[in-house]
Structure formats: structure tokens, C-alpha cells
Amino acid sequence: MDVRELKQLINKGENSFVEFSKCTTELTDSVFQSICSYLNKDGGVILVGVHDFGRIVGVAEIFIENMLKKFAYSMEHEFSPAVSLELEVIVVNEKKIIYISVASSTEVHRYKNKVYDRVGHEVSDITYSYNLVENLYLRKQNESSENIVCPFLRMTDLDEMAFRSMRKAITIAHPNGHPWLELTNEEILHSAGFWRKDMIINKKEGFVLAAVLLFGKEVTIQNYSPITYRTDAIYRNVSYEHFAQPLSDYPESRYDDRDIIFSNLIDSYARLQKFVQRNLPKRVLNKGNLSVNVRDKVFTEMITNFLVHREYTHKYPSRLLIFSDRVITENGSNPLHNLANTLNELEVEAKNPLITNVFKEMGWIEESGSGKKNILKYAPFYDKTYEVEIQNEEKFVFSISYGNEGLDAQMFLSSQPASADIANNQPSSAKAPIEWPMYASRLSKACPAIDISYVDKAESILEACVKPLPIQDMMRMVKQSNRTRFRQNIIRPLIEEGLLGMRIPTKPSSPLQTYFTTEKGKALFS
């Protein structure tokens, strides 16, 4: 959030999604009650240091550090379940404001064992209003169906092969060991939060629907999620335009390859991976001694995201559609307030956090937002003419289009479908790997964690920070408004590579923090 946007927010005044707090020396209970109410409702923003009617009073400098510590402690120890939020200290009119952005949660949260909801602009304690609490649980259950309790589900209803596949993936992702590998299958489900008590319908305990979706046998899935649980993968060897508007003399083709999947998500992931490998060209990019399978980087992200962020009780089945010039994923969705229609605007919410967490432990998802990051980073190398389209409505549609005529053949190890090599079990006959493209800057070689789309901004930061700068000035310089993404995409990689340093390394989040270019960073421009 930059200063200009913050001023605009303050000028509009308080509403259902924006609240002012005049706290100047400490974060009071009322701030945390508001956070709890936003988590349980539709999300919102709290501005600490702003009085009623938008008068900026600011927070006292000497108390900021204690306020930040109090915030971190409360998020972890006074909220149930614990909450991960970040705040920003922003200077407006020479006064400091604490900016707290709260996204709606898929779970019911308590602060100091009390449940708070919002009624218009007001925070309401509904702890002892049992009907309101039940309605809140119902609302959250509708937002995330993975939490539906299945009291009659037994371990015998789950597929042992799915657990074996999970353990194998965890072993690969965590070569130094992982706690789940020491547990039984049932203990893993309890440890991962798959056992809950139904607070509304039958008041019974049991495994939740997420366990069925991840590990269930096919018959179990059909019993517990019978509406339209199906993933349909279709390949048509025609352009999307020819399919959507076929010419009168164009031969009719229903499909060239198809896989209708009713199995659990772990098996679905593997089958969709194979489907992509059969029907999309393999292109490998060599970066130093590391070869990157660009196809897998891009389209695996599409697969994982449309599996884990799907609404599984929705009337729409999931579909993976591959054409000669476009790949499309479709799945049912319950969008909240995220109506983005471009990849840069898209803020991925943890639609099914239980399922997402298992995918993370298996190494199939790196971190929140990694899918968007990898697509932005690698899609240009799969096809420099690529375009992304998003429809974020009742049905979420994600589409990547590309044109074979626009490919730079020099950049790729192979442009033949991988299925030819796999089917014949023969080594690829393609040319030797090429080096990282000549036009890549020295910075992208020195700091490979930097996304290609952020290289220019990172170079500007290093050039400017010969004189130490605070983060606000750097963000303004490269026209970035989201502090969290700015840290993750630019600041953190530069620091990890030793190209950028902090003047106060023992207090990374200090409001007095400034950043400087190290001697290693300066050497890039010498």
C-alpha cells in the first residue's frame, strides 16, 4: 500500500471494510476483536493511528516495536486457530500509521475464546448467541466444503496406494526426513487437522471431506461427493478458434485423447501430469548446470491450482482442455471479493487449506503464490507470445494461449511431444541444451531466485541503494504498491544472494530499517 492509495482510502472514510483506530501507544483488544470479525466475515482493513472522520494522529515512534511484538504474539497465541497476517508501518504527513489488511478466512476464528462477527460497521460478540455461531459455521462450511465432517468415514474407506504415493513424494521433497514419515496413516490425518467436530448438523466427530478427496477410494468419493466429482481431461489437435467456430468444410473431431478421472486428488494429479506430458511439447531450458523443464513448470502449476482451489460441492466439474494453441482449466468456484481478470491482479486465496497443506508437504506446491510466480517466470520461455486470460466468477477459468509460429526454436532442447520418447523408451534426439538466453542480465545469473519479470526493478534497486534507502522509497521508485510481494519477489532474493544488505540486520521489520547495495552487488555494475 503506497501513500497515495492510503490517503485515498482515508478520505473515503470508514465503511464495512475499512476501520479507523486511534490507538497511539498500544494495540488494544478492540483492534484484535476487529481482526477476528473481519476473518469471520468478508475481510477488511484496519488503520491504526487514524482518528474518527479520517484525522491522522499517528502512532508514537517509541511504542511501534512493542506494538509489532504484541501483534505477532496475539496472532499466534490469542487467536484460535492461529492467524498469519502481516502489517505495514506507513508514513503519511510525517506521521506513522499501522496498516493491517485482513482476508476472509475459511475457518471460524476466536480471539481470547470469544467469537466476533460484523454487523455493518460494528463488531459483534456472538459467543453466546448460539444460533449466530451456528450460522457462522454454516457460512464457512459453504465457503470451504473440505471441512464437512463425515462421521461414518473409516480408514478402510481410504486408499492405501494414495498414502504410499504421499509418503514417496514427501521422502523426495524432504530428504532429511519428515515427521509424517514416522506416523501411521491415521496419525497423519489427525496431525494434519483432518479430524473435527461437527458444530452444527449432528454434533458428531469424524474425518472431514478433505480426507475423502485426497485419499478416498473411488466408491468412497462417489458416496461422499456425489454431485459432480469428476475431472475431465480432453485433448483436441485443433486450434481453439477452429473448435469454437468450425468451418463448414473442417472435419469433425470430438477429441484426440481423453481421460475421465473419478479418483482421489493424489491419483488425479499423477494422471493429469501424464496427460499433459502426452499432449504438450516438451521444452527444456538450460540455466548453467541446471536443466528446467519449462512445460512441467508452467502446466503443473495450472494442474495443482485448479485441483486444490476447487469448490468440490459445486455443480461444475473440473476440466483440463488442451488445444494446439491453448490450454484451459475450468472448475467451480465461490469467489469472495477477488474479481481479478489478469494474472498480476490475481491474489490466490487458500480455498482448501487442508488439501493445500498436504500438497505443500509433498512438494507439489512450494508456497502461497508460487503458482503465479512460476507461470510469470517460465511461460515466456515456453512461448514468448503467450497470453493469460482469467474469468473469476461462479466458474473459475484460467487460460494460457500460445502460437507455435512465434516460438524461438533456439531456446529449446526439444519441441516434440514427450509422449514419443516416453512411449518408445528412447533417448531424445534433440540438440544439446543451450545456455541461458543472451539477453538475460548479469543479475538474473547472479540471483536466479529473482523472477524474470522483476529483473529490471531489482537492477534499479541495486543501482539506487548505493545510498541506503527505506523500503517505502524503493517501492515508490519501481512503482510497487504491495509491500509483502515486494519483499518476497525482490528484497528477499537480493539479500539471500548477498547483493543487498540491511542496516539493522537484527531487526528486519524495524520501521527504521534501510537497505544498501553490498560490494558484491556493486560488482555487477562495475
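Bear in mind that the values here come from a model prediction, so they are computed numbers and not experimental data.

### Considering the overall build of the protein chain
In step 1: For the protein chain, the count of helices and strands is 19 helices and 21 strands.
In step 2: Within the protein chain, the proportion of its 526 residues that are buried is 48%.
In step 3: Within the protein chain, contacts between residues separated by at least 24 positions form 67% of all contacts whose residues are at least 6 apart in sequence.
In step 4: A total accessible area of about 26,100 Å² is found for the protein chain, and carbon and sulfur atoms account for 50% of it.

### Digging into the packing of aromatic side chains
In step 1: Tallying each qualifying case throughout the model produces 11 aromatic pairs.
In step 2: An angle of 80 degrees between the planes, with centres 5.2 Å apart, marks the rings of Tyr-240 and Phe-323 as edge-to-face. Residue Tyr-240 is located in helix 9 (residues 240-244), and its partner Phe-323 is located in the loop between strand 16 (318-322) and strand 17 (326-332); the two are separated by 83 residues in the primary sequence.
In step 3: The class of Phe-323 is buried, set by a relative accessible area of 2%.
In step 4: Counting every residue linked through ring pairs, the aromatic cluster contains Phe-32, Phe-71, Phe-79 and Tyr-111.
In step 5: Over the face of the ring belonging to Tyr-38 we find Arg-118, whose NZ or CZ atom lies 4.0 Å from the ring centre.

### Quick look at the side chain of Gln-513
In step 1: Among the structural elements, Gln-513 can be located in the loop between strand 20 (500-502) and strand 21 (515-517).
In step 2: Using a relative accessible area of 5% as the deciding quantity, one classes Gln-513 as buried.
In step 3: From its side chain, Gln-513 meets the backbone nitrogen of Arg-503 in a polar contact 3.1 Å long.
In step 4: Here the side chain of Gln-513 touches Ile-504 through a polar contact of 2.8 Å, landing on its backbone oxygen.

### With respect to the nonpolar core
In step 1: Core analysis: the largest hydrophobic core is formed by 66 residues, its most contacted members being Met-166, Phe-194 and Phe-215.
In step 2: The biggest single contributor to this core is helix 11 (residues 294-308), with eight residues.
In step 3: In this view, Met-166 contacts Trp-180, Ile-188, Phe-215, Ile-266, Val-358 and Met-362; residues no more than four positions away in its chain are not counted.
In step 4: Of all hydrophobic cores here, the second largest spans 26 residues; its members include Ile-64, Met-67, Val-83 and Tyr-111.

### Thoughts on the pattern of salt bridges
In step 1: With the rule as written, the count across this model stands at 16 salt bridges.
In step 2: With its nearest N and O atoms 2.6 Å apart, the salt bridge here joins Arg-271 to Asp-259. Of this pair, Arg-271 sits in helix 10 (residues 265-279) while Asp-259 sits in strand 13 (residues 257-261), placing them 12 residues apart in sequence.
In step 3: The exposure class of Arg-271 is partly exposed, given its relative accessible area of 27%.
In step 4: With a shortest N-O distance of 2.9 Å, Glu-330 and Arg-319 are connected by a salt bridge. Taken together, the positions of Glu-330 in strand 17 and Arg-319 in strand 16 put the pair 11 residues apart, joining distant regions of the chain.

### Describing unusual backbone geometry
In step 1: Cis geometry marks the peptide bond from Ser-80 to Pro-81, where omega comes out at -10 degrees.
In step 2: Counting through the fold element by element, Pro-81 comes out in the loop between strand 3 (79-80) and strand 4 (87-92).
In step 3: A positive phi angle, close to 65 degrees, is found at Glu-94, a residue other than glycine.
In step 4: Positive phi is not limited to glycine here, since Lys-112 has a value of about 50 degrees.

### What to know about the sheet that holds strand 5 (residues 95-102)
In step 1: Pairing in this open sheet of four strands is mixed, and the strands run 1-2-5-4 from one edge to the other. Two strands lie at the open edges of the sheet, namely strand 1 (18-21) and strand 4, each paired on one side alone. Put simply, the sheet's adjacent strands are angled 25 degrees from each other on average, direction ignored.
In step 2: Its contacts with the sheet put helix 1 (residues 3-12) on strand 1, strand 2 (44-48), strand 4 and strand 5, and the angle it makes with strand 4 is roughly 90 degrees.
In step 3: Relative to strand 4, helix 3 (residues 64-77) is tilted by about 155 degrees, and along the sheet it contacts strand 2, strand 4 and strand 5.

### As for the pairing of strand 11 (residues 205-208)
In step 1: Bridge count between strand 9 (residues 149-150) and strand 11: two bridges; the pairing is antiparallel. Bridging across to strand 11, Cys-150 finds its partner in Phe-207.

### Description of helix 3
In step 1: Taking 1.5 Å as the rise per residue, helix 3 with 14 residues should run 20 Å; its terminal C-alpha atoms sit 20 Å apart, in good agreement.
In step 2: For helix 3, the full list of buried residues reads Ile-64, Met-67, Leu-68, Phe-71, Ser-74 and Met-75. Buried residues of helix 3, viewed axially, fall in a sector of 130 degrees; they line one side. Every exposed residue of helix 3 that faces more than 90 degrees away from the buried side is listed here: Lys-69 and Glu-76.
In step 3: At its buried positions, helix 3 is contacted by helix 2 (29-40), strand 2, strand 3, strand 4 and strand 5.

### What about helix 11?
In step 1: Under the 1.5 Å per step criterion, the end-to-end length of helix 11 is 22 Å for 15 residues, consistent within 8% with the ideal 21 Å.
In step 2: With 12 of 15 residues buried, helix 11 lies mostly within the body of the structure.
In step 3: Turning to helix 11, its buried residues are Val-294, Arg-295, Val-298, Phe-299, Thr-300, Glu-301, Met-302, Ile-303, Thr-304, Phe-306, Leu-307 and Val-308.

### With respect to the pairing of strand 5
Two faces belong to every sheet, and in a regular strand the side chains alternate between them.
In step 1: With six of eight residues buried, strand 5 lies mostly within the body of the structure.
In step 2: In this structure, strand 2 lies alongside strand 5, joined through five bridges in antiparallel fashion. Looking at strand 5, one finds that Ile-46 is bridged to Ile-100.
In step 3: Note that strand 4 and strand 5 share six bridges and pair antiparallel.

### Considerations on the confidence of the model for the protein chain
In step 1: Looking at the protein chain, pLDDT values average 79 and 81% of them are 70 or higher.
In step 2: At the low end of the mean pLDDT range in the protein chain sits helix 14 (residues 418-424), at 32; at the high end sits helix 5 (residues 160-173), at 94.
In step 3: Counting contacts from residues 337-341, a segment whose pLDDT is below 50, to residues more than four positions away or on other chains yields 13 contacts.
In step 4: Across residues 404-441 the pLDDT falls below 50, and counting only partners more than four positions away or on other chains, this stretch makes 66 contacts in the model.

### Side note on the environment of Tyr-99
In step 1: If you trace the backbone, Tyr-99 turns up in strand 5.
In step 2: Along the sequence, Tyr-99 and Val-89 sit 10 residues apart, while their C-alpha atoms lie 6.2 Å from each other.

Parameters at a glance
- Per chain, the residues get numbers from 1 upward, laid out in the order the sequence is written.
- Since the coordinates come from a predicted model, pLDDT governs what is reported: local features require at least 70, and pairs of side-chain atoms require 80 or more to be given and counted, while whole-chain, interface and lining totals use all residues.
- The basis for every side-chain value is the complete set of heavy atoms in the structure, and neither hydrogens nor water enter the calculation.
- Helical segments are the DSSP runs of H or I of at least four residues, strand segments are the runs of E of at least two, and each set is numbered from the N terminus.
- Burial classification: accessible surface area is computed with a 1.4 Å probe over protein chains only, and a residue below 20% of its type maximum counts as buried, one above 50% as exposed, and the rest as partly exposed.
- It only takes one pair of heavy atoms within 4.5 Å for two residues to be counted as in contact.
- Working definition of accessibility: Shrake-Rupley area with a 1.4 Å probe, residue cover restricted to the visible protein chains.
- A pair of aromatic rings is counted whenever rings of Phe, Tyr or Trp (Trp by its six-membered ring) have centres within 6.5 Å, and the orientation is called stacked for planes under 30 degrees apart, edge-to-face for over 60 and tilted otherwise.
- In this scheme, the term charge over a ring applies when either NZ of a lysine or CZ of an arginine sits within 6 Å of the ring centre and within 35 degrees of the ring normal.
- We define a polar contact as two N or O atoms separated by no more than 3.5 Å, with the added condition that, inside protein, one atom must be a possible hydrogen donor and the other a possible acceptor, whereas residues neighbouring each other in sequence contribute only through side-chain atom pairs.
- Here the nonpolar core consists of buried residues drawn from Ala, Val, Leu, Ile, Met, Phe, Trp, Tyr and Cys, with membership extended through side-chain atoms lying within 4.5 Å.
- Only one rule defines a salt bridge in this text: a Lys or Arg side-chain nitrogen within 4 Å of an Asp or Glu carboxyl oxygen.
- Strand pairing requires that DSSP identify at least two bridges connecting the strands.
- Fitting a line to C-alpha atoms yields each axis, with helices limited to the stretch in contact; the angle taken between N-to-C directions then spans 0 to 180 degrees.
- Expected helix span is given by 1.5 Å per residue-to-residue step, counting one fewer step than there are residues.
- Here the arc refers to the set of directions running from the helix axis out to each C-beta atom.
- In predicted models, pLDDT denotes the confidence assigned by the predictor to each residue on a 0 to 100 scale.

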